Amino acid sequence: MARLATQLPAAASLAPGRGIACMAVGVLIISVNDAVLKWLTADYPIGQVLFMRGLFALAPILAIAWLGPGLAVLRVNSLRVQALRGGLALSSTALFVTGLNVMPFADAVAMTLAGPLFLTALAVPILGEPVGWRRWTAVGIGFIGVLIMVRPGGEAMRLVAIFPLAAALAGAVRDLITRRMSRSESSLAMLFWTTAIVTMGGLTTLPFGWVPPRIDDLGLLIATGFMLASAHYLFIEAFRLAQAAVIAPFKYTNLVWAVIIGLIVWGDLPDAWVFTGAALVVASGLYILHREAVRRRAR
């Protein structure tokens, strides 16, 4: 994303309103996409859903590349690192979808909000980035929020929280690798090859038994592919049009949509523990973003 932004004229980055709009709409689309995935995985194997969603996502990604900068933008410089990023994306996606399948929708989404906390904590050993005591304190408070949501020793169903939390961890490592890859790989190349790897990962589950999709469900599977491609394209545009510190907080609107969708579709409403813990995690994440912006301005 960073490389794509640097290839554009400076004026293109002076549209924070459009950047916020792209992020907000992208988050709404991905929230609906996640809800459809939860609906589909009740009747179809997770691997089959990932394969078919990815298959229908690759077409619009190729169209965006072809109509925009050209297919040459999909060329990669390091297949090994692309494969590593794709493997992490496959793990994160499979774990998250599994969590959606066994947990209330908004609860699973709330657990993934721990992603920025993992990202900050892992930036030290993986990237060697300095993290001051303020951000470490925010990370600690955020993880207290995670513990409040999980409630160790509470109801047994909370054990399934390991799925979205592990998905957040794998996603954080993927994002750290993305920071390095963005110096030499285009955003569309990363999006295309990661989607392709997740798709092929889903295909490997074919021998374990797939279910012929019903006509109406086939429409939903096609829709998830287009929603996935559209949302990630909007995320790329958001980072192109505005600074990360401006648009990143709007990622947390995902929780708002998750609560609304979960209540309307499944009649689920997170309890006070989840709301309290999520509030701590969101506050910690926003403070980490603030400290990151302060650190960058001080350079």
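## As for the packing of aromatic side chains
For step 1, the next point in the chain: Evaluation of the coordinates by the stated rule reveals four aromatic pairs.
For step 2, the next point in the chain: For the pair Phe51 and Trp210, a centre-to-centre distance of 5.5 Å together with 40° between the ring planes defines the contact as tilted. Linking Phe51 in helix α3 (residues 46-67) with Trp210 in the loop between α9 (187-203) and α10 (215-241), this pair joins segments that are 159 residues apart in sequence.
For step 3, the next point in the chain: Sitting over the face of the ring of Trp266, Lys38 holds its NZ or CZ atom 5.5 Å from the ring centroid.

## As for the confidence of the model for the protein
For step 1, the next point in the chain: Looking at the protein as a whole, the pLDDT averages 86, with 92% of positions reaching at least 70.
For step 2, the next point in the chain: Within the protein, no element has a lower average pLDDT than helix α1 (residues 2-6), which sits at 38, and none a higher one than helix α12 (residues 253-266), at 94.
For step 3, the next point in the chain: Below a pLDDT of 50 lies the segment residues 1-13, which in the model reaches 22 contacts outside its immediate sequence neighbourhood of four places, other chains included.

## Points about the environment of Met23
For step 1, the next point in the chain: Counting through the fold element by element, Met23 comes out in helix α2 (residues 16-40).
For step 2, the next point in the chain: Among the residues examined, Met23 registers a relative accessible area of 0% and is labelled buried.
For step 3, the next point in the chain: Each C-alpha atom of the pair Met23 and Phe239 lies 8.4 Å from the other, and the pair is 216 residues apart in sequence.
For step 4, the next point in the chain: Leaving out residues up to four positions away in the same chain, Met23 has contacts with Phe235, Ala238, Phe239, Ile247, Phe250 and Lys251.

## Let's talk about the side chain of Ser31
For step 1, the next point in the chain: Position of Ser31 relative to the elements: it lies in helix α2.
For step 2, the next point in the chain: At a separation of 2.8 Å, a polar atom in the side chain of Ser31 contacts the main-chain carbonyl oxygen of Val27.
For step 3, the next point in the chain: Residues in contact with Ser31, not counting those within four places in the same chain, are Phe105, Asn254, Trp257 and Ile261.

## Some words on a nonpolar patch on the surface
For step 1, the next point in the chain: Residues Trp39, Val256, Ile260, Ile264 and Val265 make up a contiguous nonpolar surface patch of about 490 Å² in total accessible area.
For step 2, the next point in the chain: Of all the elements, α12 adds the most residues to the nonpolar patch, at four residues.
For step 3, the next point in the chain: With respect to the helices and strands, Ile260 occurs in helix α12.
For step 4, the next point in the chain: Classification of Ile260 by relative accessible area gives partly exposed; the value is 36%.

## Examining the packing of α2 against helix α4 (residues 79-102)
For step 1, the next point in the chain: Between α2 and α4, the least distance of the axes is 9 Å, while the angle of their chain directions is 65°. Classified by the interaxial angle, the pair formed by α2 and α4 is roughly perpendicular. Judged by the sense of rotation from one axis to the other, the crossing of α2 with α4 is right-handed. Contacts from Asp34, Leu37 and Lys38 of α2 reach α4 at Phe96, Val97, Leu100 and Asn101.
For step 2, the next point in the chain: Tallied by class, residues from the contact of α2 with α4 come to four nonpolar, one polar and two charged.

## Here's the deal with the side chain of Arg53
For step 1, the next point in the chain: Structurally, Arg53 can be placed in helix α3.
For step 2, the next point in the chain: Of the side chains with opposite charge, Asp34 comes closest to the buried, unpaired Arg53, at an N-O distance of 5.2 Å.
For step 3, the next point in the chain: The contact partners of Arg53, leaving out residues within four places of it in the chain, are Asn33, Leu37, Thr93, Leu221, Thr224, Gly225 and Leu228.

## A short note on the packing of helix α5 (residues 105-112) against α12
For step 1, the next point in the chain: Following both chains from N to C, one finds α5 and α12 inclined at 165°, their axes separated by 8 Å at the closest point. On the basis of the axis angle, α5 is roughly antiparallel to α12. The handedness of the crossing between α5 and α12 is right-handed. The segment α5 lies against α12, with Phe105, Ala106, Val109 and Ala110 engaging Asn254, Leu255, Ala258, Val259, Ile261, Gly262 and Trp266.

## Re the nonpolar core
For step 1, the next point in the chain: Counting residues in hydrophobic clusters, the biggest one holds 37 residues, and the most contacted among them are Phe105, Met111, Val146 and Met149.
For step 2, the next point in the chain: Listed by contribution, the elements that provide at least two residues to this core are α4, α5, α6 (115-127), α7 (133-150), α8 (162-181), α12 and α13 (272-298).
For step 3, the next point in the chain: Sequence-distant contacts of Phe105, defined by excluding residues within four places in its chain, comprise Ser31, Asp34, Ala35, Lys38, Leu100, Ala258, Ile261, Gly262, Trp266 and Asp268.
For step 4, the next point in the chain: Counting 26 residues, the second-largest nonpolar core is a separate cluster that includes Cys22, Val36, Val49 and Ala242.

Cut-offs applied
- Residues numbered from 1 in each chain as written.
- Predicted model: local features only at pLDDT ≥ 70, side-chain atom pairs only at ≥ 80, totals over all residues.
- Heavy atoms only, no water.
- Phe/Tyr/Trp six-rings, centres within 6.5 Å; stacked < 30°, edge-to-face > 60°.
- Helix = DSSP H or I, 4+ residues; strand = E, 2+ residues; numbered from the N terminus.
- Lys NZ or Arg CZ within 6 Å of the ring centre and 35° of its normal.
- pLDDT = per-residue confidence, 0-100.
- Contact = heavy atoms within 4.5 Å.
- Buried < 20%, exposed > 50% of the residue type's maximum accessible area, 1.4 Å probe, protein only.
- Polar contact = N/O pair within 3.5 Å; in protein donor to acceptor, adjacent residues only side chain to side chain.
- Patch = residues over 30% accessible without salt bridge, like charges linked within 9 Å, V, L, I, M, F, W, Y side chains within 5 Å.
- Areas by Shrake-Rupley, 256 points an atom, 1.4 Å probe, with all protein chains shown as cover.
- Salt bridge = Lys/Arg side-chain N within 4 Å of Asp/Glu carboxyl O.
- Axes fitted to C-alpha atoms, helices over the stretch in contact; angles between N-to-C directions.
- Parallel < 35°, antiparallel > 145°, perpendicular 65-115°, else oblique.
- Left-handed = near helix turned anticlockwise from the far one by under 90°.
- Nonpolar A, V, L, I, M, F, W, Y, C, P; charged D, E, K, R; others polar.
- Lys, Arg positive; Asp, Glu negative; His and termini not counted.
- Core = buried A, V, L, I, M, F, W, Y, C linked by side-chain atoms within 4.5 Å.

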